[in-house]
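Observations on the model geometry
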Amino acid sequence: MADGRELIQALEREWCEALCSKDIERLRGLVHPDFMLIGTRSSGPFMMGRDEWLDAIQRRDVQTIDIDVKDATVLEQVMVGTVQARWRLKYLNRVIEDCVVLTDVWVFDNGRWQALRRHSTPAPAADCT
């Protein structure tokens, strides 16, 4: 499992770096064309496809992201990672800090690993200190 966790950790770090630098081309390579972000906010549950997500990224200034891969399952063509993440970003002139648990599903397609699904849910308060 350590190797799987290391692979997911490397992909998650690459994703973070691309987010912080707003490297849309790199993000397009990391995120599968059928990508879907699923989660909850104070306003309720939401689903967002790849194009909508990439558009939203361009309007946010991601300042920091800290990640910790808590669990990893690696199969031949699919990986699932459970990741605790904390980030700080600026959006619409507001600073937003969040702490979430992510479940990322990665698929090996066209010779590379790409994120197909991301489920985001608020992390327990005790995990966010």
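Use the structure listed above.
A quick note: this is a predicted structure, and the numbers were derived from the prediction, not measured.

To describe a pair of aromatic rings, you give the distance between the ring centres and the angle between the ring planes. In total, this model carries 5 aromatic pairs according to the counting rule given. Each ring, one from Trp15 and one from Trp53, has its centre 5.9 Å from the other, and the planes form 80 degrees; the classification is edge-to-face. Of this pair, Trp15 sits in helix H1 (residues 2–20) while Trp53 sits in helix H3 (residues 50–57); the two residues are 38 residues apart in sequence, bridging distant segments of the chain. By relative accessible area, Trp53 is classed as buried at 6%. In this structure an aromatic cluster arises from ring pairing among Trp15, Phe35, Trp53 and Trp106. Across from the ring centre of Tyr91, 4.8 Å away, lies the NZ or CZ of Arg60, which sits over that ring.

This next bit is on the nonpolar core. With 31 residues, the main nonpolar core has Trp15, Leu19, Leu27, Phe35, Trp53 and Trp106 as its most contacted residues. Per-element tally for this core: the top contributor is H1, with 6 residues. In contact with Leu19, not counting residues within four places along its chain, are Leu27, Trp53, Ile57, Val62 and Ile65.

Position of Ala115 relative to the elements: it lies in strand E6 (residues 112–122). Under the relative-accessibility criterion, Ala115 is labelled buried at 0%. In this structure the C-alpha to C-alpha distance between Ala115 and Val31, which are 84 residues apart in sequence, comes to 4.8 Å.

Inspection of every chain in the model, using the stated rule, returns 1 disulfide. With its sulfur 2.1 Å from that of its partner, Cys99 forms a disulfide with Cys128. Disulfide Cys99-Cys128: torsion about the S-S bond near -85 degrees, hence left-handed. Of this pair, Cys99 sits in strand E5 (residues 94–109) while Cys128 sits in the segment after E6, placing them 29 residues apart in sequence. Look at Cys128 and you get buried, because its relative accessible area is 19%. Of all cysteine sulfurs in the structure, the one in Cys20 sits closest to Cys16, which takes part in no disulfide; the separation is 6.5 Å.

In this structure, strand E1 (residues 31–41) lies alongside E6, joined through 5 bridges in parallel fashion. Within E6, the residue paired with Met36 across the bridge is Arg117. Bridge count for E1 against strand E2 (residues 44–49) is 6 bridges, and the pairing is antiparallel. Looking at E2, one finds that Thr40 is bridged to Pro45. Between the end of E1 and the start of E2, which pair antiparallel, lie 2 residues.

What counts and what doesn't
- Residues numbered from 1 in each chain as written.
- Predicted model: local features only at pLDDT ≥ 70, side-chain atom pairs only at ≥ 80, totals over all residues.
- Heavy atoms only, no water.
- Phe/Tyr/Trp six-rings, centres within 6.5 Å; stacked < 30°, edge-to-face > 60°.
- Helix = DSSP H or I, 4+ residues; strand = E, 2+ residues; numbered from the N terminus.
- Buried < 20%, exposed > 50% of the residue type's maximum accessible area, 1.4 Å probe, protein only.
- Lys NZ or Arg CZ within 6 Å of the ring centre and 35° of its normal.
- Core = buried A, V, L, I, M, F, W, Y, C linked by side-chain atoms within 4.5 Å.
- Contact = heavy atoms within 4.5 Å.
- Disulfide = S-S within 2.5 Å.
- Pairing = 2+ DSSP bridges.

Note that every value here comes from positions in space, so none of it alone points to a role or purpose.
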